[in-house]
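Examining the three-dimensional arrangement
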Amino acid sequence: MIVGVPKEIFPAERRVALIPASVPALKKAGCAVVVEAGAGYLAGYADAAYEEKGAALAASRDEVFARADAVFQLLGVGANHATGRLDLPRFRPGQAALGFQRALGNPESLQELAATGATVFAIEMLPRITRAQTMDALSSMSTVAGYSAVLLGASALPKMFPMMMTAAGTISPARVLIVGVGVSGLQAIATARRIGAVVSAYDVRPAVKEQVQSLGARFVELPLETAEAEDQGGYARAQDEAFYRRQRELMGKAVSESDVVITTANVPGRKAPVLITADMVAAMNPGSVIVDLAAERGGNCELTRTGETVMAHGVTIIGRVNVPGMVPFHASQMYSSNITAFFTHLVKDGRLQLDLQDEITRETLVAQGGEVTHPGVREALGLAAAAPGDRSA
Ligand code: NAD
């Protein structure tokens, strides 16, 4: 079984799906590894380092796809809206495709990929169960995004983060507010605290309060009814517009008192809720910064422009996308470790052996035999639910 690692082709992407340190684990599982020359270069991994660990180099992208039984990508076809489709002619029936696919967010692209006959795994669909923690690429990338968001905010702010007692007077610490405390929000709190900011945070899920406090941040108490805010999977439930209106009213003061607001609020399968209106931005001090990590899903701030940094009412609003790509060395290291753990879970004796009784395999397998097979994605496409037999082909 040959694992192929092509270079990532999303514009300005510097990450790579596999790093040299993961090659031995794949070899131990009975796989050979072929890497496109230069694939790891921008993340800090030289071709020679892959060769030292026992991988072979391929001179071209076409060669990687032609030789590979399984293609490892970070941004698969559907997750790369800019150039992902260029790979469609390179996939072939029975070849495994692993990576972020945006299977639910962009099911039409998945359908195109399915039509190539490839066996497609969407790593973002991995169930968040203890057994799958080592494979949880979504958490890895959220961790990097939370860290990077703080650096983006700190660089754009015309103030320093830490308190300083200097001969020229006292510098007061920056006040940072984190809205949405999932994986990226928790990392943003920890990072902002390390740099010396005074941090507060809010999430609709009441369970988060203790986590916020244990990181040394203040939990913003809002008199909102949130008892039903969390679903069984630990995710936020969608609320009605009246709830969000009330939340915006109550959050106004906390937002206006902050130097940097980092928003990460998401509801699975939905557009991100708008939690900061234009009026709330206008009430912030000039020079303040909003980093909207939900920009890719429409944004938590009304004025966010996806992929852009804009200035409104003297406030810098950063809607950067693909934020984990800012730290390609470690983002690649984490992803590589996740995808290797995931793939070696699927492989037995050097062959893909798909056990659909296994939740990890069943939930991540999204297309096989020319068809989209995952019931959730089929529903998103308006297709009839597949007969159970279809998924065990
Ligand atoms: P996410 O990206 O879906 O959302 C980010 C955060 O936004 C969530 O905490 C959510 O509650 C919050 N949010 C939604 N609407 C909001 C609103 N109106 N106002 C304020 N905040 C709002 O979340 P995620 O980072 O993927 O994490 C989701 C859950 O999964 C968490 O409970 C996390 O601890 C859990 N998790 C578990 C594992 C595991 O292995 N068991 C791994 C990773 C994450």
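Below is a short write-up of the structure. Here the structure is a predicted model, which means the values were calculated and not measured.

Re the overall build of the protein
- Of regular secondary structure, the protein possesses 12 helices and 19 strands.
- A burial count over the protein gives 51% of its 393 residues as buried.
- If you sum the accessible surface of the protein, you get close to 17,000 Å²; carbon and sulfur atoms cover 53% of it.
- Charge separation in the protein, taken as the distance between the mean sites of 36 positive and 39 negative side-chain charges, equals 3 Å.

Some words on the packing of helix H5 (residues 137–156) against helix H10 (residues 328–346)
- The N-to-C vectors of H5 and H10 enclose an angle of 170 degrees; their axes lie 9 Å apart at closest approach. Here H10 runs roughly antiparallel to H5, going by the angle between their axes. Of H10, the residues touching H5 (which contributes Ala137, Ser140, Met141, Thr143 and Val144) are Ala331, Met334, Tyr335 and Asn338.
- Taken together, the residues of the contact of H5 with H10 sort by class into 6 nonpolar, 3 polar and no charged.

A short note on unusual backbone geometry
- One non-glycine residue, Arg102, lies in the positive phi region at around 50 degrees.
- With respect to the element layout, Arg102 can be found in the loop between strand S5 (96–100) and helix H4 (107–114).
- With a relative accessible area of 41%, Arg102 lands in the partly exposed category.
- Although it is not a glycine, Asp349 sits at a positive phi angle of roughly 50 degrees.

A look at the site of the ligand
- Surveying the vicinity of the ligand reveals 21 residues, the closest of which are Arg128, Val183, Asp203, Arg205 and Gln247.
- Between the ligand and the protein, one listed contact pairs an oxygen atom with a side-chain N or O atom of Arg205 at 2.7 Å.
- A distance of 2.9 Å separates an oxygen atom of the ligand from a polar backbone atom of Gly234.
- Within the complex, the protein chains bury 85% of what would otherwise be the 850 Å² of accessible surface of the ligand.
- In terms of residue class, the shell around the ligand is made up of 9 nonpolar, 8 polar and 4 charged.

Notes on helix H8 (residues 241–256)
- Over its 16 residues, H8 runs 22 Å from end to end, which matches the ideal 22 Å to within 8%, given 1.5 Å per residue.
- In the structure, H8 departs most strongly from a straight axis at Leu250, where the bend amounts to approximately 40 degrees.
- Restricting attention to buried positions, one finds in H8 the residues Phe243, Tyr244, Gln247, Arg248, Met251, Gly252, Ala254 and Val255.
- Among the structural elements, strand S9 (175–179), strand S10 (198–202), strand S12 (260–263) and helix H9 (278–282) are those in contact with the buried residues of H8.

What to know about the sheet that holds strand S18 (residues 365–368)
- The strand order S3-S2-S1-S4-S5-S6-S18-S19 describes an open sheet built from 8 strands, whose pairing is mixed. Strands at the two margins of the open sheet, each flanked by one partner only, are strand S3 (56–58) and strand S19 (371–372).
- Here strand S2 (residues 32–36) pairs with S3 via 3 bridges, running parallel. Residue pairing for S3: Val35 is matched across the bridge by Leu57.
- Across the sheet, H10 is in contact with strand S1 (2–5), strand S4 (70–75), S5 and strand S6 (119–122); its angle to S5 comes to roughly 145 degrees.

With respect to the packing of H5 against helix H6 (residues 183–195)
- Put simply, H5 and H6 touch, their axes get as near as 7 Å, and they point 35 degrees apart. Crossing handedness for the pair H5 and H6: right-handed. Packed against H5, whose contacting residues are Ser139, Ser142, Thr143, Gly146, Tyr147, Val150 and Leu151, the element H6 presents Val183, Ser184, Gln187, Ala188, Thr191, Ala192 and Ile195 at the interface.
- Looking at the contact of H5 with H6, its residues break down into 7 nonpolar, 7 polar and no charged.

Regarding the pattern of salt bridges
- Evaluated as defined, the whole model comprises 20 salt bridges.
- The residue Glu63 makes a salt bridge to Arg67 at a minimum N-O spacing of 2.9 Å. Of the two residues, Glu63 and Arg67 both sit in helix H3 (residues 61–67), 4 residues apart, roughly one turn of that helix.
- Residue class for Glu63 comes out partly exposed when judged on its relative accessible area of 27%.
- With a relative accessible area of 35%, Arg67 lands in the partly exposed category.

Describing H4
- Listing the buried residues of H4 in full gives Pro107, Ser109, Leu110, Leu113 and Ala114. Looking down the long axis of H4, one finds its buried residues gathered within 155 degrees of arc, a one-sided arrangement.
- Contacts from the buried residues of H4 go to S6, S18, S19 and helix H12 (375–380).

Here's the deal with the nonpolar core
- Counting 55 residues, the largest nonpolar core has Phe161, Val176, Met251, Ile262, Ile276 and Ile290 as the members making the most contacts within it.
- Take this core: its biggest share by element is 5 residues, from H8.
- For Phe161, the contacting residues outside a window of four places in its chain are Val150, Ala154, Pro173, Ala174, Val176, Ala192, Ile195, Gly196, Ala197 and Val260.
- Ala17, Leu75, Ala79 and Leu126 belong to the second largest nonpolar core, which has 43 residues in total.

Rules of the game
- Residues numbered from 1 in each chain as written.
- Predicted model: local features only at pLDDT ≥ 70, side-chain atom pairs only at ≥ 80, totals over all residues.
- Heavy atoms only, no water.
- Helix = DSSP H or I, 4+ residues; strand = E, 2+ residues; numbered from the N terminus.
- Buried < 20%, exposed > 50% of the residue type's maximum accessible area, 1.4 Å probe, protein only.
- Areas by Shrake-Rupley, 256 points an atom, 1.4 Å probe, with all protein chains shown as cover.
- Lys, Arg positive; Asp, Glu negative; His and termini not counted.
- Charge placed at Lys NZ, Arg CZ, Asp CG, Glu CD.
- Axes fitted to C-alpha atoms, helices over the stretch in contact; angles between N-to-C directions.
- Parallel < 35°, antiparallel > 145°, perpendicular 65-115°, else oblique.
- Contact = heavy atoms within 4.5 Å.
- Nonpolar A, V, L, I, M, F, W, Y, C, P; charged D, E, K, R; others polar.
- Near = heavy atom within 4 Å.
- Polar contact = N/O pair within 3.5 Å; in protein donor to acceptor, adjacent residues only side chain to side chain.
- Expected span 1.5 Å × (residues − 1).
- Bend = angle between axes of the 7 residues up to and from the residue.
- Pairing = 2+ DSSP bridges.
- Left-handed = near helix turned anticlockwise from the far one by under 90°.
- Salt bridge = Lys/Arg side-chain N within 4 Å of Asp/Glu carboxyl O.
- Arc of directions from axis to C-beta.
- Core = buried A, V, L, I, M, F, W, Y, C linked by side-chain atoms within 4.5 Å.

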